[in-house]
Amino acid sequence: MNFTVGFKPLLGDAHSMDNLEKQLICPICLEMFSKPVVILPCQHNLCRKCANDVFQASNPLWQSRGSTTVSSGGRFRCPSCRHEVVLDRHGVYGLQRNLLVENIIDIYKQESSRPLHSKAEQHLMCEEHEEEKINIYCLSCESELSDGIAMLVAGNDRVQAVITQMEEVCQTIEDNSRRQKQLLNQRFESLCAVLEERKGELLQALAREQEEKLQRVRGLIRQYGDHLEASSKLVESAIQSMEEPQMALYLQQAKELINKVGAMSKVELAGRPEPGYESMEQFTVRVEHVAEMLRTIDFQPGASGEEEEVAPDGEEGSAGPEEERPDGP
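Residues numbered from 1 in each chain as written. Predicted model: local features only at pLDDT ≥ 70, side-chain atom pairs only at ≥ 80, totals over all residues. Heavy atoms only, no water.

(A) Spatial organisation of the pairing of strand β5 (residues 84-87). A one-sided burial pattern is seen for β5, the buried positions being Val85 and Leu87 and the unburied ones Glu84 and Val86. Where strand β4 (residues 74-77) lies against β5, 4 bridges are found, and the strand directions are antiparallel. The partner of phenylalanine 76 across the bridge, within β5, is valine 85. (Buried < 20%, exposed > 50% of the residue type's maximum accessible area, 1.4 Å probe, protein only. Helix = DSSP H or I, 4+ residues; strand = E, 2+ residues; numbered from the N terminus. Pairing = 2+ DSSP bridges.)

(B) Representation of the pattern of salt bridges within the structure. According to the stated counting rule, one finds 10 salt bridges in the structure shown. For arginine 75, the salt bridge goes to glutamate 84, with nearest N and O atoms at 3.5 Å. Judged by relative accessible area, arginine 75 falls into the partly exposed class, the value being 42%. Between glutamate 209 and lysine 213 there is a salt bridge, with the nearest N and O atoms lying 4.0 Å from each other. Placement of the pair is glutamate 209 and lysine 213 together in helix α5 (residues 139-242), with a separation of 4 residues, close to one helical turn. A residue is classified by how much of its surface remains accessible, and glutamate 209, at 4% relative accessible area, is buried. (Salt bridge = Lys/Arg side-chain N within 4 Å of Asp/Glu carboxyl O.)

(C) View of the sheet that holds strand β6 (residues 96-97). Reading across the sheet, the 3 strands line up as β3-β2-β6 and stay open at both edges, with antiparallel pairing between neighbours. The sheet is open, and its two edges are formed by β3 (45-47) and β6, each paired on a single side. With 3 bridges connecting them, strand β2 (residues 37-39) and β3 associate as antiparallel partners. In the strand pairing of β3, valine 38 is matched with leucine 46. Against the sheet, helix α2 (residues 48-58) touches β2 and β3, its axis set at about 90° to β3. Set on the sheet, helix α3 (residues 99-113) makes contact with β2, β3 and β6; between it and β2 the angle comes to about 145°. (Contact = heavy atoms within 4.5 Å. Axes fitted to C-alpha atoms, helices over the stretch in contact; angles between N-to-C directions.)

(D) Geometry of the side chain of asparagine 45. With respect to the helices and strands, the residue asparagine 45 is situated in strand β3. A polar side-chain atom of asparagine 45 sits 2.8 Å from a polar atom in the side chain of asparagine 98. When residues no more than four places from it in sequence are discounted, the contact partners of asparagine 45 are Pro27, Phe33, Val37, Val38, Ile39, Asn98 and Val101. (Polar contact = N/O pair within 3.5 Å; in protein donor to acceptor, adjacent residues only side chain to side chain.)

This is the structure:
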């Protein structure tokens, strides 16, 4: 322990206060920081007013905070280390306040405003000698306390740096989440496009089969209709011939009619559609297994979002109804 007597406490306090005041000087206005005090990403401090003056000088087109026009931010250099400080649309109002420095300024001002005689009167009293003031001063304790304050300030600076880093991590998380959401939407839109394309192909196959069957059945309807019309006319002619009063004329027409009736009765019409020809059940699509597979879609950690999923050659899915359709009659 290194002790000195007399008025060393006052000299030591004045020296410490002077050193503290030097640490509280703004590098722009060269006066003690005026609140609010902002901390830059490089861990240097500025009066927010001074920081705004430097920022406005470096960004003359930037709108003030009270303007209704939305600005895109700007940048300026730290006057202490020349580190480039990038600001968002809030300008210097987006910088974090250094509450520790502001508290130190308040304490400094309180201590500076106290009269010297009051400081001298606040001596501790000796425990062994009544009414005797302690008039010695420990230089080692002063050094230790100063070192402790310096370590505390440095520790707070490190904590502030960690906070800044974590804020950057939050911003990165938001950016990455936004990007992955866009990729997720693109993947599901691609799946929907594939389903729509396949649905269109199957509907076309179903429409072709429908048209083929309808054309065949309608052709048979026309053929049977023509035969029915010719047969009806022949029956009508035969009836009229039987009502002919002249026997000679009747005999002359009867032979021809008999031949026509015989020929008409021997006409072979095309076969009718077989039973079940109208069924379209072969175009039934089973999607339960596909739906179950879609429900298993999940995130794949470590998979690149830029990779495209391509089916191997020859694996284009199960055959559609067009390939399974049996040959029509």
